[in-house]
Amino acid sequence: MTKYVYMFSEGNKDQKDLLGGKGANLAEMTNIGLPVPPGFIITTDACRYYMKNDDVPAQLAEQVTESVQKVEQQMGRTFGDPKNPLLVSVRSGAKFSMPGMMETVLNIGLNDETLAGIIEMSGGNERFAWDSYRRLLQMFGKTVLEIDGDKFADALDAKKAARGIVNDPDLTAKDLSELVDEFKAIIKEETGEDFPQDARTQLDMAVVAVFNSWNTERAIIYRKRERIADDLGTAVNVQTMVYGNLGEKSGTGVCFTRDPATGQRGVYGDYLENAQGEDVVAGIRNTLPLAALEELDKKSYDELLANLQRLENHYRDMCDIEFTVENGKLYMLQTRIGKRTAAAAFRIAVHMLDDGLISEDEALERVTGAQLTSLMFPQFDADADRELLAKGMAASPGAAVGEIVFDSEQAVERKGAGAKVILVRRETTPDDLAGMIAAAGILTSRGGKTSHAAVVARGMGTTAVVGAEALLINAEANTVTVKGKVLRKGDVISIDGGTGEVFAGDVPVAPSNVTRYFEEGLDAALEAVSDEGERELVTAVHRFMTHADEVRRMGVRANADTPEDARRALAFGAEGIGLTRTEHMFLGDRREMVEHVILADSQEERDAAFNQLTPLQRGDFAGILEAMDGQPVTIRLIDPPLHEFLPDLTSLAVKRAINEDHGISAPEIDTLYTAVNRMHEANPMLGLRGVRLGLKMPGLFDLQVRAIAEACVERIQAGGDPQPEIMVPLVGDVKELTIVRERAQATIDKVAEESGVELSIPIGAMMELPRAAVTSAVLAEESDFFSFGTNDLTQTVWGFSRDDVEGAFFTEYMDAGIFEVSPFESIDVQGVGELVRQGVNGSRSTKPDMKLGVCGEHGGDPDSIHFFEEVGLDYVSCSPFRVPIARLEAARAMIEAGMDASA
Ligand code: PEP
Ligand code: MG
């Protein structure tokens, strides 16, 4: 019989697939002896069953009954018992945290009869009992019965207005008991049924509501954004209620074992006296810093600190925690590995490494290429003139500049029109998600570092400042007033998520010190840092990059077409160039010469154009080989579709038509038109390009090979150590390669003979057509190396035109779940990846030591890099700016696979 229900004591933290993240960690906390209110978990298996069959599994009811009985025994209370009732919370808990996206119902088990027992349990606190009942009706009505939540909120507001009060806590027991009646009436009116009084019915309905909440619109948007699979389902946690709203000796809080924004040591969190858990995260009431608890209730505070330390040592990572104090007794309600900013991730990892909690390899696992990327973003220039408007809490770092928008709709609309926007709100709720995704920055006037805005922004890597209380936001009027100044929708502001500062206008941004570290070295970056935190960060990056270089097996090269690019790539740690696209050297003022080559009528004319181009190309190559002296430089022979070099056919046709209309004779236009028309291709991306062009106009490749060989001679004569590799693009058949290779070798030999300098230049091919990958064993006989061109390989495997499709229908494809990310961005492992694998295996079956790399865009994408490590490529090549990311991820891929480069 399938086990669908686990007591907390039966699970552990490694069972996130089955028990969800929250459940697995509740189980772990229970098992290490922390004070967790007893409960049980309904598995994700049960949710998946429900989604498939539209009904819960038949065995579930009985297993829930048994588990409820166990909790009753532990608590000495009984579900539905009027005298001594057990009340539970029902919460979602998926494998990956989806903050605020799914549903929660509290106080299940409360009804007209058990109310008396709750009054007694709370020491005669009638107000508390009625408030709990009102909350249950409200949450149950909205979540389980799907009644518009405003109906309840409006009734609550009307009651307060009638009583002339502003805050909920001022409502009396009588007010609340009246509200309970009103809420019951709303339920009856909206559903035609009474609120279910039976505790077990409440529980069963709440469980199904949590299952259903997996597929709400906002949960679906969130998963897409976070690349969480839609079919995982959620677990359901059923847990004994404890109350932070029983009076002054009660309260609730959220905290981190370290500061999640900066990574500094020391607990960090918010506390709300006399409140329930949801109140903190919702950011509705302003919280106290955690330290305030020490004064309010030292015993609970000390116990909490000890528990935090214990958790951090147990998980060996920064944890985030929710806790409640009920009448002076501390309960731990949740823990998980805490989300953190990129800078915090680096600092925490290095601190834990220094404290001996984790190894160097583990430290590398704790930081990602994506985090490193965000640290390389520019920051506000501290020396610039700037007008400080307000200061809030630094919730998620970065420097964001944009127009003010006041709601999600405005954000989406302005972003769609190409504007950068800062979403300014009192506080955010899960309903604001679309606007938060569209925004360059998020600014709120309420809430703490653990508010919805802060947590979600950090998760998305979006800059955010929260709790900037000086801002008076009037969302209806689309204005925000601060320091007597009225800002309107569309006005530009700048927010600093690292300091919490909000500035008027467009503040200039300065480069990051992490980037400075890569460009100018450790000493220069340390000299430029402005505080100790920055110093720690730069040092951490340096240490991790050094270790990454020791660990990784794959080499990292850069795609670079100019000596400047080559130098930048070297500074960023590239170990050579994996792709120089030579066609870029034919653009600009040289384009006309290339046009002559292509359109020449006679061989003499063509040779003349070649002779003009050769010395220019030699200079290009000599420059790059000098910049990359001693390192391999893969130079790809000319590749692009012809039309990129020719005048536009349509404009020529228009010119001719105009001439005709005006009776003007322009024979050169006619000739050009005829020539261009002859060469015209309906589908140039799949036409005369790459090796095909080289075979049709052999002089073109000859000139490039000669220029490479001569540049090599020039460098050797100057005392350098040039290491060029010649790469032939778009090869599909071995015979193409044989012909090109023989000719190229003859040219190299000729240059060697002419100069008296010995030359040995490897000649290889790009593997960017399915046919090349499939026939790689044969192709390998004629090739000294291969480099996977995964851009063209993706294009040809899918039959997607690189130039056209992304804007045309990829969004729809992603919406439909056909892919989660563009296959041009991250490798399609099943399809394109399979051909890469075939290509690797085929070529190594012919030449076991064949050098294999990748130079498509995927060479700088973290997920793809992990795949390339797995299939055994020798190196990845990517744009210079992504080289550090590739170094880090290549090392992380090794560690993930449990490999050790030194072994
Ligand atoms: C490729 O196709 O992956 C490649 C690197 O070449 P290009 O992008 O220049 O076609
Ligand atoms: Mg290509």
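Our structure's up above, just so we're on the same page.
Report follows, based on the coordinates. Note that the coordinates shown come from a computational prediction; the quantities given were computed from them, not determined experimentally. (Residues numbered from 1 in each chain as written. Chains lettered and ligands numbered in written order. Predicted model: local features only at pLDDT ≥ 70, side-chain atom pairs only at ≥ 80, totals over all residues. Heavy atoms only, no water.)

**Quick word on the coordination of the magnesium ion (ligand 2)**
Here comes step 1: Note on the magnesium ion (ligand 2): its protein donors are Glu768 (OE) and Asp792 (OD). The metal-donor distances range over 2.0 to 2.1 Å. Highlighted residues: glutamate 768 in the loop between β30 (763-767) and α30 (770-774) and aspartate 792 in helix α32 (residues 790-798), separated in sequence by 24 residues. (Donors = N, O, S within 2.8 Å, 3.2 Å for Na, K, Ca; no water. Helix = DSSP H or I, 4+ residues; strand = E, 2+ residues; numbered from the N terminus.)

**Digging into the sheet that holds strand β9 (residues 265-273)**
Here comes step 1: As summarised here, the arrangement of the five strands in space is β10-β9-β8-β11-β12, forming an open sheet in which the pairing is antiparallel. Every interior strand has two partners, whereas the edge strands, β10 (288-289) and β12 (329-337), have only one.
Here comes step 2: Note that strand β11 (residues 319-326) and β12 share eight bridges and pair antiparallel. Bridge assignment links cysteine 319 to a residue of β12, and that residue is isoleucine 337. (Pairing = 2+ DSSP bridges.)

**A closer look at α32**
Here comes step 1: Among the residues of α32, those classed as buried are Thr790, Asn791, Asp792, Leu793, Thr794 and Gln795.
Here comes step 2: Downstream of α32 by one or two residues, glycine 799 has phi in the positive range, about 75°. (Buried < 20%, exposed > 50% of the residue type's maximum accessible area, 1.4 Å probe, protein only.)

**A short note on the site of ligand 1**
Here comes step 1: Near ligand 1 lie 14 residues; those nearest to it are Arg581, Arg636, Gly789, Asn791 and Arg802.
Here comes step 2: Arginine 636 places a polar side-chain atom, nitrogen or oxygen, 2.9 Å from an oxygen atom of ligand 1.
Here comes step 3: At a separation of 2.9 Å, an oxygen atom of ligand 1 approaches a polar backbone atom of aspartate 792.
Here comes step 4: Notes on ligand 1: free accessible area 290 Å², of which the protein chains cover 96%. (Near = heavy atom within 4 Å. Polar contact = N/O pair within 3.5 Å; in protein donor to acceptor, adjacent residues only side chain to side chain. Areas by Shrake-Rupley, 256 points an atom, 1.4 Å probe, with all protein chains shown as cover.)

**A few points about the packing of aromatic side chains**
Think of a pair of aromatic rings as described by two things: how far the centres are apart, and how the planes are tilted against each other in angle.
Here comes step 1: Throughout the structure, instances matching the rule amount to 20 aromatic pairs.
Here comes step 2: Look at phenylalanine 800 and phenylalanine 819: their rings are 6.4 Å apart centre to centre, the planes differ by 80°, and that puts the pair in the edge-to-face class. Residue phenylalanine 800 is located in the loop between α32 and α33 (805-815), and its partner phenylalanine 819 is located in the loop between α33 and α34 (832-846); the two are separated by 19 residues in the primary sequence.
Here comes step 3: By relative accessible area, which is 7% here, phenylalanine 800 ends up buried.
Here comes step 4: Of the residues examined, phenylalanine 819 reaches a relative accessible area of 8% and is grouped as buried.
Here comes step 5: In textbook terms, an aromatic cluster arises when at least three aromatic residues are bridged by ring pairs, as seen for Trp798, Phe800, Phe809, Tyr813 and Phe819.
Here comes step 6: In this arrangement the basic side chain of lysine 329 is found over the ring face of tyrosine 331, its NZ or CZ atom lying 4.8 Å from the centre.
Here comes step 7: In this arrangement the basic side chain of arginine 557 is found over the ring face of tyrosine 875, its NZ or CZ atom lying 3.9 Å from the centre. (Phe/Tyr/Trp six-rings, centres within 6.5 Å; stacked < 30°, edge-to-face > 60°. Lys NZ or Arg CZ within 6 Å of the ring centre and 35° of its normal.)

**Details of the pairing of β11**
Here comes step 1: Of all eight residues in β11, eight are buried, a share of seventy percent or more.
Here comes step 2: Residues Cys319, Ile321, Phe323 and Val325 of β11 are buried on one face, and the alternating residues Asp320, Glu322, Thr324 and Glu326, pointing to the opposite face, are buried as well.
Here comes step 3: Inspection of the sheet shows strand β8 (residues 251-258) paired to β11 by six bridges, in the antiparallel sense. The partner of threonine 252 across the bridge, within β11, is threonine 324.
Here comes step 4: Between β11 and β12, which follow one another and run antiparallel, lie two residues, and asparagine 327 among them has a positive phi close to 45°.

**Thoughts on unusual backbone geometry**
Here comes step 1: Phi is positive for asparagine 107, which is not a glycine, with a value near 65°.
Here comes step 2: Mapped onto the fold, asparagine 107 is located in strand β6 (residues 104-108).
Here comes step 3: Residue asparagine 107 is classed as buried on the basis of its relative accessible area of 0%.
Here comes step 4: Despite not being glycine, lysine 483 has its phi angle at roughly 50°, a positive value.
Here comes step 5: Assignment of secondary structure puts lysine 483 in the loop between β21 (479-482) and β22 (485-488).
Here comes step 6: A residue is classified by how much of its surface remains accessible, and lysine 483, at 64% relative accessible area, is exposed.

**Some points on empty space enclosed by the protein**
Here comes step 1: Applying the stated criterion to the full structure yields six cavities of 30 Å³ or more.
Here comes step 2: Considering only enclosed or pocket space, the largest cavity measures out at about 170 Å³ in volume.
Here comes step 3: Lining the largest cavity are 18 residues, with Arg91, Leu106, Val242, Thr324 and Leu333 positioned closest to its centre.
Here comes step 4: At the level of secondary structure, the elements contributing two or more residues to the lining of the largest cavity comprise β5 (88-94), β7 (234-240), α10 (277-281), β11 and β12.
Here comes step 5: Tallied by class, residues from the lining of the largest cavity come to five nonpolar, nine polar and four charged. (1 Å grid on protein atoms, 1.4 Å probe; cavity = no way out; pocket = protein on both sides within 12 Å on 5 of 7 lines; lining within 4 Å. Points joined across faces, edges and corners; volume = space filled by probe spheres on them. Nonpolar A, V, L, I, M, F, W, Y, C, P; charged D, E, K, R; others polar.)

**Examining the layout of surface pockets**
Gaps left between atoms show up when a probe the size of a water molecule is rolled over them.
Here comes step 1: In this structure, the second largest pocket spans a volume of roughly 610 Å³.
Here comes step 2: Lining the second largest pocket are 26 residues, with Gly817, Ile818, Phe819, Glu820 and Val821 sitting closest to its centre.
Here comes step 3: Listed by contribution, the elements that provide at least two residues to the lining of the second largest pocket are α9 (217-226), α33 and α35 (862-871).
Here comes step 4: With four residues, the top contributor of residues to the lining of the second largest pocket is α35.
Here comes step 5: Class assignment of the residues belonging to the lining of the second largest pocket gives a composition of twelve nonpolar, five polar and nine charged.

**Topic: a negative patch on the surface**
Here comes step 1: A contiguous patch of negative charge, built from Glu360, Asp361, Glu365, Glu550 and Glu896, is present on the exposed surface.
Here comes step 2: In terms of residues, the negative patch owes the most to one element, helix α14 (residues 360-365), which gives three residues.
Here comes step 3: Tracing the sequence through the fold places glutamate 360 in helix α14.
Here comes step 4: According to the relative accessible area criterion, glutamate 360 is partly exposed, its value standing at 40%. (Patch = residues over 30% accessible without salt bridge, like charges linked within 9 Å, V, L, I, M, F, W, Y side chains within 5 Å. Salt bridge = Lys/Arg side-chain N within 4 Å of Asp/Glu carboxyl O. Lys, Arg positive; Asp, Glu negative; His and termini not counted. Charge placed at Lys NZ, Arg CZ, Asp CG, Glu CD.)

**What about the pattern of salt bridges?**
Here comes step 1: Here the structure, examined in full by the defined rule, presents 54 salt bridges.
Here comes step 2: Salt-bridge contacts for glutamate 294 lead to lysine 298; the nearest nitrogen and oxygen are separated by 3.9 Å.
Here comes step 3: The partly exposed category is assigned to lysine 298, whose relative accessible area is 44%.
Here comes step 4: Ionic pairing is found between arginine 741 and aspartate 784, a salt bridge with its closest N-O pair at 3.3 Å. On the criterion of sequence distance, the pair formed by arginine 741 in helix α29 (residues 734-755) and aspartate 784 in the loop between α31 (776-779) and β31 (785-788) is long-range, its members being 43 residues apart.
Here comes step 5: Of the residues examined, aspartate 784 reaches a relative accessible area of 32% and is grouped as partly exposed.
Here comes step 6: A single network of salt bridges, built from pairs that share partners, joins Lys159, Lys174, Glu178 and Glu182.

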